[in-house]
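Spelled out from the first residue to the last, the chains are:
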Amino acid sequence: MASSNPGCELDLGWLNSVHVNTAAVYRRAANIQSRKTVKGVHQAAWLLRAVTCIDLTTLGGDDTDSNVMRLCAKAARPISNDMLNALGFEPGSIQTGAICVYPSKVPVAYATLKKMGMEEKINIASVATGFPSGQYPLETRLAEIRWAVEKGATEIDIVIDRSLVINKLWVDLYQEIQKMKEACGPAHLKSILAVGELGSFDNVYKASLVAMMAGSDFIKTSTGKETVNATIPVGIVMCRAIKEYCTKVGYQVGFKPAGGIRTAQDSLTWLIMIKEELGNEWLNNKMFRFGASGLLGDIERQLHHHLTGRYSSATQFAMG
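Calculation criteria
Residues numbered from 1 in each chain as written. Predicted model: local features only at pLDDT ≥ 70, side-chain atom pairs only at ≥ 80, totals over all residues. Heavy atoms only, no water. UniProt positions renumbered as here; feature names shortened; annotations may be inferred. Core = buried A, V, L, I, M, F, W, Y, C linked by side-chain atoms within 4.5 Å. Buried < 20%, exposed > 50% of the residue type's maximum accessible area, 1.4 Å probe, protein only. Contact = heavy atoms within 4.5 Å. Helix = DSSP H or I, 4+ residues; strand = E, 2+ residues; numbered from the N terminus. Pairing = 2+ DSSP bridges. Right-handed = clockwise from strand over helix to strand, strands pointing away.

Under an unreviewed UniProt entry, the protein chain has the name Deoxyribose-phosphate aldolase and belongs to Megalurothrips usitatus. The heading Sequence similarities (unreviewed entry) in the UniProt record of the protein chain holds the text "Belongs to the DeoC/FbaB aldolase family. DeoC type 2 subfamily." Looking at the Subunit (unreviewed entry) heading of the UniProt record, one finds this comment for the protein chain: "Interacts with YBX1."

> Describe in detail the nonpolar core, supporting the description with residues and values.
Among the nonpolar cores identified, the biggest contains 102 residues, and I99, I145, I156, F255 and F290 are the most heavily contacted of them. Residue contacts for F290: discarding those within four places in its chain leaves A50, C53, I54, D55, K256, P257, I261, S267, W270, L271 and L295. By size, the runner-up hydrophobic cluster in this structure holds seven residues, among which are L59, F131, V159 and I192.

> I'd like a description of the pairing of strand β2 (residues 98-101), backed by residues and values.
As a general feature of sheets, a regular strand has side chains that alternate between the two faces. Of the two faces of β2, both are covered, the one formed by A98 and C100 as well as the one formed by I99 and V101. Both strand β1 (residues 54-57) and β2 contribute to a ladder of three bridges, which runs parallel. By the bridge assignment for β2, D55 is matched with A98. Sheet topology note: the β2/strand β3 (residues 123-128) ladder contains four bridges and is parallel. Its bridge partner lying in β3, A98 is registered against N123. Chirality of the crossover, the property in question, places the unit of β2, helix α6 (residues 106-116) and β3 among those that are right-handed.

Structure below.
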């Protein structure tokens with residue numbers, strides 16, 4: 001895991017200077033999305049990179065221990081040994097970046113990964129702080145973080161209180177995230193902005209800056225439960241904020257798009273955007289993650305097509 005972001009003092013002057021050119025953002029996004037992507041062996045290599053950057057996720061109200069155990073097994077062996085051999089990789093050499101679960105499922109996730117000898121290779125990301133709404137008392141949100149970390153979570157995906165952004169209560173937002181960072185202890189803090197509920201690109205950029213100033217190790221687009229989740233335009237805005245923070249403060253913060261990323265082509269478009277906006281230093285799972293539940297299956301289908309020339313059915317690469 002990368003080192004922890006120390007944060008910095010809240011700079012309201014910096015926030016007040018923010019103005020995002022919406023038309024320019026959409027033009028840039030259209031340019032990226034119209035690009036012809038890599039093919040053949042180069043595409044296969046990029047797709048394997050994408051697999052290592054997935055936070056393999058289950059966040060359903062019907063999650064069971066057995067679901068989480070299957071998720072852990074899939075994270076440890078996301079690509080079959082036959083396919084890895086055919087692609088020139090050692091069996092078992094590829095894992096996802098993390099699994100992502102509710103706090104109550106952290107103990108079974110930790111026990112399962114430990115039994116498999118994978119607790120050092122695969123991070124356990126737990127959502128917390130009243131996910132997905134964030135509309136809970138601060139005391140209970142902080143207690144939820146501490147409990148998840150105590151049970152084995154190595155990353156905490158907190159969700160901010162969006163009302164603080166809408167009402168421009170930047171000091172309150174900064175102080176809340178600082179307290180959440182402290183509650184994380186050794187675990188990394190990933191702050192979910194829920195961009196679909198923030199109202200404007202200016203608010204997205206400012207919320208990104210405040211989250212980083214308060215010590216967030218990653219900023220994340222969405223819970224996956226909003227009407228609008230991860231989009232390339234909002235990704236550009238957040239990456240520009242990350243780049244500015246890195247330039248001014250000297251620390252690289254990670255980025256995680258989540259929600260609606262379902263196809264191999266989606267993953268390639270996001271990787272292209274990251275390479276062009278932030279550079280090669282972000283093209284690894286210490287600095288970039290996908291929050292996704294269905295993405296892996298489509299990547300497996302594309303790799304199978306690369307090797308055989310035939311598309312498999314979606315059920316061939318199911319989770320179980």
